[in-house]
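The chain contents come next:
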Amino acid sequence: MLTVLHISDLHFGPPYREQIGEKLLELTPQLRPDVIVISGDFTQRAKDEQFREASEFIKRLPDVPQVVVPGNHDVPLYRVAERFRNPHGLYQQHIHPELNHVVTVDGAMFVALDSTAPRTAITNGRIRQDQLEFCCDWFAGAEAGAARIVVAHHPFASAPDYAHDARMPRLKSVLQRFTELGVDMILGGHLHRAYIGNSLDVIETDHDRSILIVQSGTSTSRRGRARETNKNSFNLITIDSDHIDVEHHIYLDDTERFEPASQHRFPRFGKRLPNSQRQ
Ligand SMILES: [Fe+2]
């Protein structure tokens with residue numbers, strides 16, 4: 001069984017809540033994650049100092065493989081010349097040198113994709129053709145039965161309240177390609193509220209080829225939205241050969257700690273397909 005801690009939207013800078021961040025750091029060793037996914041927006045305004053603080057934070061997390069992607073707040077919005085010249089320079093200096101990367105552990109392959117589009121779409125993001133080819137190349141070598149997980153900041157399905165519902169261009173064809181590649185699950189952030197969707201909300205496929213879409217709320221900032229207004233949350237995901245379990249944790253002011261708020265179990269349809277049919 002594989003345990004994945006999925007946090008997101010830390011927003012170092014004015015929105016960051018230090019007290020909540022410290023509680024999260026205290027809790028994480030007890031959760032015993034095998035992998036930690038951080039799905040973007042490490043900073044509020046992509047400033048050097050904010051990236052330094054975010055970098056210090058992620059170094060204090062348990063020493064396990066990290067899967068990270070930049071969010072739209074990790075590229076400079078107002079420093080326009082920098083946004084066009086070198087939009088991810090500080091992210092690559094402080095968080096991860098690669099904008100797209102792969103983490104392979106026993107039982108899963110994670111492909112992290114940079115969904116930001118700093119020169120064109122500031123907020124709604126996109127996935128480029130070469131990134132789909134990057135996925136294809138890596139998933140072709142995944143071990144049989146390994147969960148195939150894509151991590152990207154921007155959402156691939158709408159939350160029920162449609163708040164901030166800016167869809168990325170070519171969304172259907174991107175999800176179609178992920179389906180052909182046998183992707184089991186997509187992890188993201190951006191909405192600042194937890195949400196579990198499915199590719200069937202966007203494209204028609206057989207149910208046994210559908211992709212689970214899991215969004216995390218903001219884990220440490222004041223920017224929670226909709227049903228998580230002013231709240232902080234993360235997901236604890238466990239994967240075995242038959243199921244994916246998603247446990248949503250939310251910070252409760254009463255107890256001053258993160259508590260499990262809901263649990264969701266999904267069968268791993270994709271793993272039933274022989275590898276030759278997953279390409
Ligand atoms: Fe964010």
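In terms of regular secondary structure, the protein chain is built from 6 helices and 12 strands. Taken against the 2.2 N^0.38 rule, which gives 19 Å for 279 residues, the C-alpha radius of gyration of the protein chain at 17 Å falls within 12% of a compact globule. With the C-alpha coordinates of the protein chain rotated into their principal frame, the extents come out at 50 × 45 × 35 Å. By residue count, 45% of the 279 residues in the protein chain fall in the buried class. Here the analysis covers contacts within the protein chain between residues at least 6 apart in sequence; of these, 75% occur between residues at least 24 apart.

We now examine the environment of Leu200. Inspection of the secondary structure assignment puts Leu200 in the loop between β8 (195-198) and β9 (212-215). If near-sequence neighbours (up to four positions away) are discounted, Leu200 is found in contact with Thr205, His207 and Ser210.

Pairing is mixed across the open sheet formed by 6 strands, whose spatial order is β4-β5-β6-β7-β9-β8. On the outer flanks of this sheet lie β4 (101-105) and β8, each paired with one strand and no other. In this sheet, adjacent strand axes meet at a mean angle of 20 degrees when their direction is disregarded. Along the sheet, helix α5 (residues 129-139) makes contact with β4, β5 (108-112) and β6 (147-151), crossing β5 at roughly 160 degrees.

This prediction gives the protein chain a mean pLDDT of 92; 94% of its residues lie at or above 70. In this model, residues 274-279 is a region of pLDDT below 50 whose contacts with residues beyond four sequence positions or in other chains number 7 contacts.

Burial along β8 is one-sided: Tyr195 and Gly197 are buried, while Ile196 and Asn198, pointing the other way, are not. With 4 bridges connecting them, β8 and β9 associate as antiparallel partners. Each bridged residue has a counterpart across the sheet, and for Gly197 the counterpart in β9 is Ile213.

What follows covers the nonpolar core. With 58 residues, the main nonpolar core has Phe110, Ile149, Val150, Val151, Met185 and Ile186 as its most contacted residues. Ranked by residue count, the leading element in this core is β5, at 5 residues. Ignoring any residue separated from it by four or fewer positions in sequence, one finds Met185 in contact with Ala147, Ile149, Ile211, Leu212, Val214 and Ile244.

Another aspect to go through is unusual backbone geometry. Positive phi values are uncommon outside glycine, yet Arg32 reaches one of about 50 degrees. Examined against the element boundaries, Arg32 turns out to sit in the loop between α1 (18-31) and β2 (35-38). Despite not being glycine, Asp41 has its phi angle at roughly 55 degrees, a positive value. Turning to its location among the elements, Asp41 is positioned in the loop between β2 and α2 (48-59).

Take the sheet that holds strand β10 (residues 233-239) next. As summarised here, the arrangement of the 6 strands in space is β3-β2-β1-β10-β11-β12, forming an open sheet in which the pairing is mixed. Edge positions in the open sheet fall to β3 (66-68) and β12 (257-267), since each of these has one partner strand only. Taken pair by pair, the neighbouring strands of this sheet meet at an average axis angle of 20 degrees, ignoring direction. Where α1 meets the sheet, it contacts β1 (2-7), β10, β11 (243-252) and β12, and its direction lies at approximately 50 degrees from that of β12.

Next up on the list: the pairing of β12. Counting buried residues along β12, only 1 of its 11 residues qualify, which leaves the element largely exposed. Across 10 bridges, the pairing between β11 and β12 is antiparallel. Across the sheet, Glu247 pairs through a bridge with Gln263, a residue of β12. Linking β11 back to β12 in an antiparallel pair, the connection comprises 4 residues, with Glu256 at a positive phi of about 55 degrees.

For α1, built from 14 residues, the straight-helix expectation of 20 Å at 1.5 Å per residue is met to within 8% by its first-to-last C-alpha distance of 20 Å. Residues of α1 that are buried: Ile20, Leu24 and Thr28. In this structure, the buried residues of α1 make contact with β1, β11 and β12. Just downstream of α1, Arg32 is the residue with a positive phi angle, here 50 degrees.

For Asn72, the location among the structural elements is in the loop between β3 and α3 (80-85). Its 21 C-beta neighbours within 10 Å are what place Asn72 among the buried residues. Separated by 85 residues in the primary sequence, Asn72 and Ala157 place their C-alpha atoms 18 Å from one another.

This part is about helix α6 (residues 171-180). Within α6, burial applies to Leu171, Val174, Leu175 and Phe178. Projected down its long axis, α6 shows its buried positions confined to an angular sector of 95 degrees, all on one face. Gly182 sits one or two positions beyond α6 and adopts a positive phi of about 75 degrees.

Calculation rules
- Residues numbered from 1 in each chain as written.
- Predicted model: local features only at pLDDT ≥ 70, side-chain atom pairs only at ≥ 80, totals over all residues.
- Helix = DSSP H or I, 4+ residues; strand = E, 2+ residues; numbered from the N terminus.
- Rg over C-alpha atoms; globule rule 2.2 N^0.38 Å.
- Buried ≥ 20, exposed ≤ 12 C-beta atoms within 10 Å, placed from the backbone.
- Contact = placed C-beta atoms within 7 Å.
- Pairing = 2+ DSSP bridges.
- Axes fitted to C-alpha atoms, helices over the stretch in contact; angles between N-to-C directions.
- pLDDT = per-residue confidence, 0-100.
- Core = buried A, V, L, I, M, F, W, Y, C linked by C-beta atoms within 7 Å.
- Expected span 1.5 Å × (residues − 1).
- Arc of directions from axis to C-beta.

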